[in-house]
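Given next are the chains, with one letter for each unit.
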Amino acid sequence: MLDAPPAGLSIVVAGGGCKTFWGMGLLRSIADLLPPIERWAGTSAGAIMSLVQVADRVDESLAHFLEATRNNPRNFYPRHVLGDQPVFPHEGIARAALRHVFADGGFARIVDGPPVHILQSYIAPGQSALRTSLAAYRDFDRRNRVGRLHGPTRPPSGLGVQVVRSTDAADAEQLLTWVLMSSTAPPVTRMLRDGGRRYLDGALVDNVPVRALPEHARTGRILVLLSAPEKVARRPLRLPEGGQILYLGPADYPPARTWDYTSPERIMATYELGQREGLVLRGRVEALLAEPLATPGSPW
């Protein structure tokens, strides 16, 4: 049997809450360079932004989120502690934003379009939710402090990992739930449960989830959009499977903060920063697309 030809272009969007608007701005400024995208991958906000792209609802989703943050004066409402309303507004705003993405044919375009591979993490059976969560957050913080882009090959102790595909969702509500499972960050959002599993933010396993892509994707080209400044190569890197991968990130921390849902000005500034820096980074993207790929099964 002949080896399959190299895969096409995949895009991985790192998580990072509102900072991910940087990558959306960058994609706008390099859209004319890109061939059709074969697949996407992300977790948490990275998964949401990938779905926005596949749904072809970028402008509509940006306008909706800017309006939602304009109407949300606080990220924390202590007076709601003893009431029925949520103390943190983030999950409600995210739910409404996703429903807006799926509206007006957005969900139909998602299930008919290139798959978005969504990385999820969950607390393994028999493990303490509190101890496992705290340990996972400590490991995540430690990786960030030393500048490590990816999580360990095996999930952190006490966590399991799974990947779901947007094209497999039975309906919009199931896809919405899958995305929110990958974004679970107590106490800001509730810990969601499904099939006896308790879910945590997929970033605790890998905030830059190249691993969520199928193995064959590594024979093609992969563009990774980061949400914070990182020390990355300025050129495409060869993957062991023969493909090429390019990491792009902002030159400095974007104006928007991860969990700040109160500032449409900072969100728009982050989006516009991504557009400006995307123009500067076009040469790197052109290099990725021009780099020859190895035929699977052949020596490099």
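Source: prediction; values computed, not measured.

Draft legend 1. Spotlight on the overall build of the protein. Scanning the protein from N- to C-terminus turns up 9 helices and 9 strands. Over its C-alpha trace the protein gives a radius of gyration of 19 Å, about what one expects of a compact globule, namely 19 Å for 300 residues. Taking the principal axes of the C-alpha coordinates as reference, the protein spans close to 65 × 45 × 40 Å. Counting contacts in the protein only where the partners sit at least 6 residues apart, residues at least 24 apart contribute 78% of the total. Looking at the protein as shown, the accessible area adds up to about 14000 Å², and 53% of this sits on carbon and sulfur atoms.

Draft legend 2. Molecular detail of the side chain of Arg143. When you line up the elements, Arg143 lands in helix 6 (residues 129-146). Asp139 provides the closest opposite charge to the buried, unpaired Arg143, separated from it by 5.5 Å. Apart from residues no more than four positions distant in its own chain, Arg143 is found in contact with Arg148, His150, Gly151, Pro152, Pro156, Ala203, Leu204 and Val205.

Draft legend 3. Here's a closer look at the side chain of Asn207. On the secondary structure map, Asn207 appears in the loop between helix 8 (203-206) and strand 7 (221-225). Setting aside residues no more than four positions away along its own chain, Asn207 makes contact with Ala14, Gly15, Gly16, Thr43 and Phe140.

Draft legend 4. The arrangement of the packing of helix 3 (residues 58-70) against helix 9 (residues 264-290) in detail. Two elements in contact, helix 3 and helix 9, have axes separated by 8 Å at closest approach and are oriented at 150 degrees. With respect to helix 9, the axis of helix 3 lies roughly antiparallel. Where helix 3 approaches helix 9, its residues Val58, Leu62, Phe65, Leu66, Thr69 and Arg70 are matched on the opposing element by Pro264, Ile267, Met268 and Tyr271.

Draft legend 5. Focus on the packing of helix 3 against helix 4 (residues 90-102). Where helix 3 meets helix 4, the closest approach of the two axes is 9 Å, and the angle between their N-to-C directions is 155 degrees. Classified by the interaxial angle, the pair formed by helix 3 and helix 4 is roughly antiparallel. Seen from above, helix 3 lies across helix 4 with right-handed handedness. In contact with Glu60, Ser61, His64, Phe65 and Ala68 of helix 3, helix 4 contributes Ile93, Ala96, Ala97, His100 and Val101. Residue composition of the contact of helix 3 with helix 4, grouped by class: 6 nonpolar, 3 polar and 1 charged.

Draft legend 6. Local environment of the nonpolar core. Grouped together as the largest cluster of nonpolar side chains are 58 residues, with contacts concentrated most on Ile11, Phe102, Leu175, Leu223 and Leu248. Looking at which element gives the most residues to this core, the answer is helix 2 (residues 45-55), with 7 residues. Once residues within four sequence positions are removed from consideration, Leu223 is found in contact with Leu9, Ser10, Ile11, Val12, Ile30, Leu246, Leu248 and Leu288. Ala41, Val208, Leu226 and Leu239 belong to the second-largest nonpolar core, a separate cluster that totals 22 residues.

Draft legend 7. Spatial organisation of unusual backbone geometry. A cis amide bond links Pro186 with the next residue in sequence, Pro187, at an omega value of 5 degrees. Among the structural elements, Pro187 can be located in the loop between helix 7 (172-181) and strand 5 (193-194). In this model, Asp56 sits at a positive phi of 60 degrees, which is unusual for a non-glycine residue. Checked against the element boundaries, Asp56 lands in the loop between helix 2 and helix 3. Despite not being glycine, Asp104 has its phi angle at roughly 50 degrees, a positive value. For Asp104, a relative accessible area of 63% gives the class exposed.

Draft legend 8. Just the packing of aromatic side chains, in detail. Under the defined criterion, the tally for this structure stands at 6 aromatic pairs. Ring geometry for Phe65 against Tyr261: centres 5.3 Å apart, planes inclined by 80 degrees, an arrangement best described as edge-to-face. Here the residue Phe65 occupies a position in helix 3, and Tyr261 occupies one in the loop between strand 9 (244-248) and helix 9, the gap between them amounting to 196 residues. Taking the relative accessible area as the measure of exposure, Phe65 reaches 9% and is therefore buried. Relative accessible area serves as the criterion here: at 10%, Tyr261 is assigned to the buried category. An aromatic cluster of at least three residues, connected via ring pairs, comprises Phe21, Phe65, Trp259 and Tyr261. One cation-aromatic arrangement involves Arg197 over Tyr122; the distance from NZ or CZ to the ring centre is 3.9 Å.

Criteria and cut-off values
- Residues numbered from 1 in each chain as written.
- Predicted model: local features only at pLDDT ≥ 70, side-chain atom pairs only at ≥ 80, totals over all residues.
- Heavy atoms only, no water.
- Helix = DSSP H or I, 4+ residues; strand = E, 2+ residues; numbered from the N terminus.
- Rg over C-alpha atoms; globule rule 2.2 N^0.38 Å.
- Contact = heavy atoms within 4.5 Å.
- Areas by Shrake-Rupley, 256 points an atom, 1.4 Å probe, with all protein chains shown as cover.
- Buried < 20%, exposed > 50% of the residue type's maximum accessible area, 1.4 Å probe, protein only.
- Lys, Arg positive; Asp, Glu negative; His and termini not counted.
- Salt bridge = Lys/Arg side-chain N within 4 Å of Asp/Glu carboxyl O.
- Axes fitted to C-alpha atoms, helices over the stretch in contact; angles between N-to-C directions.
- Parallel < 35°, antiparallel > 145°, perpendicular 65-115°, else oblique.
- Left-handed = near helix turned anticlockwise from the far one by under 90°.
- Nonpolar A, V, L, I, M, F, W, Y, C, P; charged D, E, K, R; others polar.
- Core = buried A, V, L, I, M, F, W, Y, C linked by side-chain atoms within 4.5 Å.
- Phe/Tyr/Trp six-rings, centres within 6.5 Å; stacked < 30°, edge-to-face > 60°.
- Lys NZ or Arg CZ within 6 Å of the ring centre and 35° of its normal.

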